[in-house]
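Spelled out, the chains give:
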Amino acid sequence: MAPPQLVQLYRELQQTFTSGNLQQTGVLLTRLKIALTEAGLLVPLGHADPQDLVIARDILEVGAFWSIRTKDIPSFDRYFSQLQTFYNDFSSVLPPSPREYPLRGLNLIRLLTQNRIADFHTTLESLPLRADALTGNPYIAHPINLEQWLMEGSYSKVWNAREEAPAEEYKFFVDSLMGTIRNEIASCEETAYDSLPLKDAATLLFFKNQSELLTFAQQRGWQVDLTAGKITFAKKTEEKVEIPKEKLILANLQYARELEQIV
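## Quick look at the overall build of the protein
Inference 1: When its secondary structure is counted, the protein shows 13 helices and 3 strands.
Inference 2: Counting the 263 residues in the protein, one finds 40% classified as buried.
Inference 3: For the protein, long-range pairs separated by at least 24 residues make up 60% of all intrachain contacts whose partners lie at least 6 apart in sequence.
Inference 4: Of the roughly 15800 Å² of accessible surface on the protein, a fraction of 52% belongs to carbon and sulfur atoms.

## A word on the nonpolar core
Inference 1: Counting residues in hydrophobic clusters, the biggest one holds 75 residues, and the most contacted among them are I59, L103 and L146.
Inference 2: In terms of residue count, the dominant contributor to this core is helix α3 (residues 50–69) (10 residues).
Inference 3: The contacts of I59, once residues within four sequence positions are left out, are L6, Y10, L13, L29, L32 and L36.

## Looking at the layout of surface pockets
Inference 1: Roughly 180 Å³ of internal volume is contained in the largest pocket.
Inference 2: Contributing to the lining of the largest pocket are L112, T113, N115, I117, L150, M151, Y155, L177, T180, I181 and E184.
Inference 3: Among the elements of the structure, α5 (100–113), α8 (138–152) and α10 (170–192) are those that each provide at least two residues to the lining of the largest pocket.
Inference 4: Residue contributions to the lining of the largest pocket peak at 4 residues, all from α10.

## Some points on the environment of R11
Inference 1: Locating R11 in the fold gives a position in helix α1 (residues 4–19).
Inference 2: Distance from R11 to I59, taken between C-alpha atoms, is 9.9 Å for residues 48 residues apart in sequence.

## Here we look at the sheet that holds strand β3 (residues 230–232)
Inference 1: A sheet is described by the order of its strands in space; here 3 strands give the open sequence β1-β3-β2, paired in antiparallel fashion. Two strands in the sheet have a free side with no partner beyond their single neighbour: β1 (195–197) and β2 (223–225). The sheet shows a mean angle of 20 degrees between the axes of neighbouring strands, taken without regard to direction.
Inference 2: Here 3 bridges tie β2 to β3, and the two strands are oriented antiparallel to one another. Note on β3: the bridge partner recorded for D225 is K230.

## Comments concerning the packing of α1 against α3
Packed helices, taken two at a time, are described by the angle their axes make and the gap between the axes.
Inference 1: Running from amino to carboxyl end, α1 crosses α3 at an angle of 35 degrees, the nearest separation of the two axes being 11 Å. Crossing hand, α1 versus α3: left-handed. On α3, the residues that touch L6, V7, Y10, L13 and F17 of α1 are I55, D58, I59, V62, F65, W66 and R69.
Inference 2: For the contact of α1 with α3, the residue count by class is 10 nonpolar, no polar and 2 charged.

About the cut-offs
- Residues numbered from 1 in each chain as written.
- Predicted model: local features only at pLDDT ≥ 70, side-chain atom pairs only at ≥ 80, totals over all residues.
- Heavy atoms only, no water.
- Helix = DSSP H or I, 4+ residues; strand = E, 2+ residues; numbered from the N terminus.
- Buried < 20%, exposed > 50% of the residue type's maximum accessible area, 1.4 Å probe, protein only.
- Contact = heavy atoms within 4.5 Å.
- Areas by Shrake-Rupley, 256 points an atom, 1.4 Å probe, with all protein chains shown as cover.
- Core = buried A, V, L, I, M, F, W, Y, C linked by side-chain atoms within 4.5 Å.
- 1 Å grid on protein atoms, 1.4 Å probe; cavity = no way out; pocket = protein on both sides within 12 Å on 5 of 7 lines; lining within 4 Å.
- Points joined across faces, edges and corners; volume = space filled by probe spheres on them.
- Pairing = 2+ DSSP bridges.
- Axes fitted to C-alpha atoms, helices over the stretch in contact; angles between N-to-C directions.
- Left-handed = near helix turned anticlockwise from the far one by under 90°.
- Nonpolar A, V, L, I, M, F, W, Y, C, P; charged D, E, K, R; others polar.

From the geometry alone we can't say anything about function, so treat these as descriptive.
Following this line, the structure appears as structure tokens:
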């Protein structure tokens, strides 16, 4: 059985996390990870009590969600990595967790935000679901759709997917994806146009208001003329490569003379 102090801290964690107190949740998680390590439950062995394993799994799942809510991606990676033992090695002895597939889906979207497409497909194929059941799970179907729309360049669908997220935490990663998409669109605009009306630029970049666009324009080094209502893009200076024409001509003539001498 888990030590009484660990069980008490676990109950406090559940109440604190549910109340939305992220700071205190972080404090409790730190104490609980130490307690789990001392109890041999952070990296459990095969003889561990199933009830203790459920407690340890719940703690790590709270930690993963807490990491997203505090926008700490490395922390999410660590918690999700530790959960793999519970999801894979102890799946036959533990009851299913309602948080498992929301977290698996979040991990898939995280891979998309890092442009790790190969890892995305490898992880997707390793899920303990039949191929025809993947799209039936809303937490897995969401990242599958996002990946497809990204490959198609259907950025408006990615933008709309934020409001269709199956859990609030998914919106964080969709926002991160949109940041990457905006930079790609902005690079295309800089190449294709000298300037654009503010309204058109905001629409193309999926900004809801002008203040967001102005902040983005400042980051990109664009010139904004509020009076004229347009943005002028900063053009990158192209390096001109001078071709030594005279030297090439002389070299070709010399080569021709040498060929004539050979013949």
